[in-house]
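Residue-level structure breakdown
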Protein chains: 2
Amino acid sequence: MKLRVDLLPHGGYSDTVLVVDILRATTTAVAYLERGAEGLLLTASPERALALRDHPGPDGEPVRDERYLLGGERGGLPIPGFDFGNSPVEASGRNFTGRTVVMNTTNGTGAAHVAAQSGKHVLLAALTNAHAAARRARARAVEEIAIVCSGTDERVSLEDAYAAGVLAEYLLAMGDFTVDDGARIALTVRRNLGNPLEALSSSGHGVHLDRLGLGEDVRYAARISESTVVPTLAELQDVEGALRFVAG
Amino acid sequence: MKLRVDLLPHGGYSDTVLVVDILRATTTAVAYLERGAEGLLLTASPERALALRDHPGPDGEPVRDERYLLGGERGGLPIPGFDFGNSPVEASGRNFTGRTVVMNTTNGTGAAHVAAQSGKHVLLAALTNAHAAARRARARAVEEIAIVCSGTDERVSLEDAYAAGVLAEYLLAMGDFTVDDGARIALTVRRNLGNPLEALSSSGHGVHLDRLGLGEDVRYAARISESTVVPTLAELQDVEGALRFVAG
């Protein structure tokens, strides 16, 4: 079995893909499903997310489709018109039973779309569900597991490289893999840059979030394998232009 | 001063850029200039390189401009019509006095073009000239040194990350820098993946070159700071569509 780590999304995935954007999209995605959300819709743009929720009403005023809640960010800040930011702490404090959360974020939702272009099985992985995500990937993969780091604004991010290393360690403990350069770099980062909280807090994006007053989210994202929920791309996509993930 | 490492070319460089493609373009570039080449022209395509050397003659047969020699590769293999592959061992065994070498390679020449779009000072760095390249960059930079790894086929490569770590170590010994995520990853790779030959030989592209019978080139590229030649982008570009580098 091959283990491939892309430190930035590249494409060309033929088998099972773990998409990683731990600060904060994939961590928050796990939290929404943990808290009862029926599904997640990852859209390619904020406009597409708004169009899913709001429809023109008879008097011209938009009518809200109550099934949908919108969560997302740009540069760490909330998107106008959205119901939530992209905070796992906020998500973990609410109940989403029966609702679908529509997500759009700076990096993670784009990486998921790249993965879905060719991947057979696409899963969202964070530190919070790392062990479960690795086990699920191992169970589904036939020839290759690709861990795809979203990065930050098209540059490699330390926190995603670190998380890829954690996932790679779990996978290597489950069987034999041939590893590529990206996997070796991720494992080296994981093994030498301290514990998860040290790595995440010192990353460029971790520092940025802390300055925005979102340090609690960074601490939340640094918890390892507390959840067994693995957001899994549904085979049947019911909404055009959006990827549907359900708890797996 | 800021130290930025891009593990893949990104763009948006405002000051001094060190372009790294140690297996093998930047290592070979240093060797050409070491062996007397007047300059290097890095073209964006093989066709552009061929058009520089060969001009239509009076009888329709191409006439060769003897000032130019063509060196390059695709996937490690020579390009049809070129005079050389992209081998530092081959380059170091010849004399290029008075000649200009026109280079086109899979990854490195593209990265140099990205760097040149906005960089004020663009230098080519390898392990073989690492100390000199770091010193030169430090002397020229005002606010930022960006180390740009070429990678392999748009994916992060271990050998370039390792070389970026070597350059970063030299720079950190020369003064204070704020470092980004990429620099921390590169330094971690440098400090934990063995000596240069171990790192390069075990990289995906190092293994590939060895299989092609080019293991000597990998060993050559692993030598540290033996040359003080730093290929430097000339301020006046005399040939359209090609970047001119001279010994600095």
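These remarks concern the structure in this document. (Residues numbered from 1 in each chain as written. Chains lettered and ligands numbered in written order. Predicted model: local features only at pLDDT ≥ 70, side-chain atom pairs only at ≥ 80, totals over all residues. Heavy atoms only, no water.)

**Notes on the overall build of chain A**
Counting its regular elements, chain A contains 10 helices and 13 strands. Relative to the 2.2 N^0.38 estimate, which gives 18 Å for 248 residues, the radius of gyration of chain A is 17 Å and therefore close to what a compact globule would have. Projected onto the principal axes, the alpha-carbon positions of chain A cover approximately 60 × 40 × 30 Å. Contacts spanning at least 24 positions in sequence make up 77% of the contacts within chain A whose residues lie at least 6 apart. (Helix = DSSP H or I, 4+ residues; strand = E, 2+ residues; numbered from the N terminus. Rg over C-alpha atoms; globule rule 2.2 N^0.38 Å. Contact = heavy atoms within 4.5 Å.)

**Brief notes about the relation of the copies chain B and chain A**
With an RMSD of 0.0 Å, the fit of chain B onto chain A corresponds to turning through 180° and sliding 0.0 Å along the axis. As the rotation angle and translation indicate, the two copies are arranged about a two-fold axis. A symmetric contact is evident, with 100% of the interface residues of chain B recurring at the interface of chain A. (Least-squares fit on C-alpha atoms with pLDDT ≥ 70 in both.)

**A look at the interface of chain B and chain A**
With 25 residues of chain B in contact, the opposing surface of chain A contributes 25 residues. Of the roughly 2000 Å² buried where chain B meets chain A, counting both sides, 55% is carbon and sulfur surface. When the buried area of chain B at its contact with chain A is split by residue, Arg155, Asp181 and Arg184 of chain B rank highest and sum to 31% of it. At the junction of chain B and chain A, the tally comes to 4 salt bridges. Salt-bridge contacts for Asp180 of chain A lead to Arg155 of chain B; the nearest nitrogen and oxygen are separated by 2.6 Å. Between chain B and chain A we count 12 residue pairs in polar contact (both at pLDDT 80 or more) in total. (Buried area = accessible area lost by both parts, 1.4 Å probe. Salt bridge = Lys/Arg side-chain N within 4 Å of Asp/Glu carboxyl O. Polar contact = N/O pair within 3.5 Å; in protein donor to acceptor, adjacent residues only side chain to side chain.)

**Considerations on helix H5 (residues 130-140) of chain A**
If you check which residues of H5 of chain A are buried, you get Ala130, Ala132, Ala133, Ala134 and Ala137 of chain A. Looking at the buried positions of H5 of chain A, the neighbouring elements they touch are strand S2 (16-20), strand S9 (121-125), strand S10 (144-149) and helix H6 (158-174) of chain A. (Buried < 20%, exposed > 50% of the residue type's maximum accessible area, 1.4 Å probe, protein only.)

**Things to note about the pairing of strand S3 (residues 39-43) of chain A**
All names here are of chain A. With 5 of 5 residues buried, S3 is to be regarded as a mostly interior element. Of the two faces of S3, the one carrying Gly39, Leu41 and Thr43 and the one carrying Leu40 and Leu42 are both buried. One ladder, built from 4 bridges, connects S3 with strand S8 (residues 100-104); its direction is parallel. The partner of Leu41 across the bridge, within S8, is Val102. Alignment of S3 against strand S13 (residues 242-247), held across 4 bridges, turns out to be antiparallel. Residue pairing for S13: Leu41 is matched across the bridge by Arg244. (Pairing = 2+ DSSP bridges.)

**Looking at the pattern of salt bridges**
A side chain with one charge can pair with a side chain of the opposite charge if their charged atoms come near. Under the criterion given, the structure shown has 30 salt bridges over all chains. A salt bridge links Arg190 of chain A to Glu169 of chain A; its shortest N-O distance comes to 3.1 Å. Of this pair, Arg190 of chain A sits in helix H7 (residues 181-192) while Glu169 of chain A sits in helix H6; the two residues are 21 residues apart in sequence, bridging distant segments of the chain. As a salt-bridge pair, Asp83 of chain B and Arg64 of chain B come within 3.1 Å of each other at their nearest N and O atoms. Of this pair, Asp83 of chain B sits in the loop between strand S7 (77-78) and helix H3 (88-92) while Arg64 of chain B sits in strand S5 (residues 62-64), and the two are 19 residues apart along the sequence. The partly exposed category is assigned to Asp83 of chain B, whose relative accessible area is 28%. When salt bridges with common partners are traced through the structure, they connect Arg53, Asp54, Arg64, Glu66, Asp83 and Arg99 of chain A into a single cluster.

**Side note on the side chain of Ser87 of chain A**
Residues and elements named next belong to chain A. Here Ser87 lies in the loop between strand S7 (77-78) and helix H3 (88-92). A distance of 3.3 Å separates a polar atom in the side chain of Ser87 from the backbone nitrogen of Val89. Side-chain polar atoms of Ser87 contact the backbone nitrogen of Glu90, separated by 3.0 Å. Those residues within four positions of Ser87 in sequence are excluded, and the remaining contacts are Arg24, Thr28 and Asp217.

**A short note on empty space enclosed by the protein**
For the structure shown, the criterion picks out 4 cavities of 30 Å³ or more. Of the voids in this model, the largest cavity is the one considered here, and its volume is about 60 Å³. Lining of the largest cavity is provided by Val5, Asp6, Leu7, Leu8, His10 and Gly182 of chain A together with Leu8, Glu154, Arg155 and Val156 of chain B. Tallied by class, residues from the lining of the largest cavity come to 5 nonpolar, 2 polar and 3 charged. (1 Å grid on protein atoms, 1.4 Å probe; cavity = no way out; pocket = protein on both sides within 12 Å on 5 of 7 lines; lining within 4 Å. Points joined across faces, edges and corners; volume = space filled by probe spheres on them. Nonpolar A, V, L, I, M, F, W, Y, C, P; charged D, E, K, R; others polar.)

**Observations concerning the nonpolar core**
Ranked by size, the top nonpolar core spans 90 residues in total, and within it Leu200 of chain A together with Leu200 of chain B carry the most contacts. Aside from chain neighbours lying at most four places away, what touches Leu200 of chain B is Ile22, Leu23, Leu127, Glu159, Tyr162, Gly206, Val218, Ala221 and Ala222 of chain B. (Core = buried A, V, L, I, M, F, W, Y, C linked by side-chain atoms within 4.5 Å.)

None of the figures reported here should be taken as evidence of function without further support.
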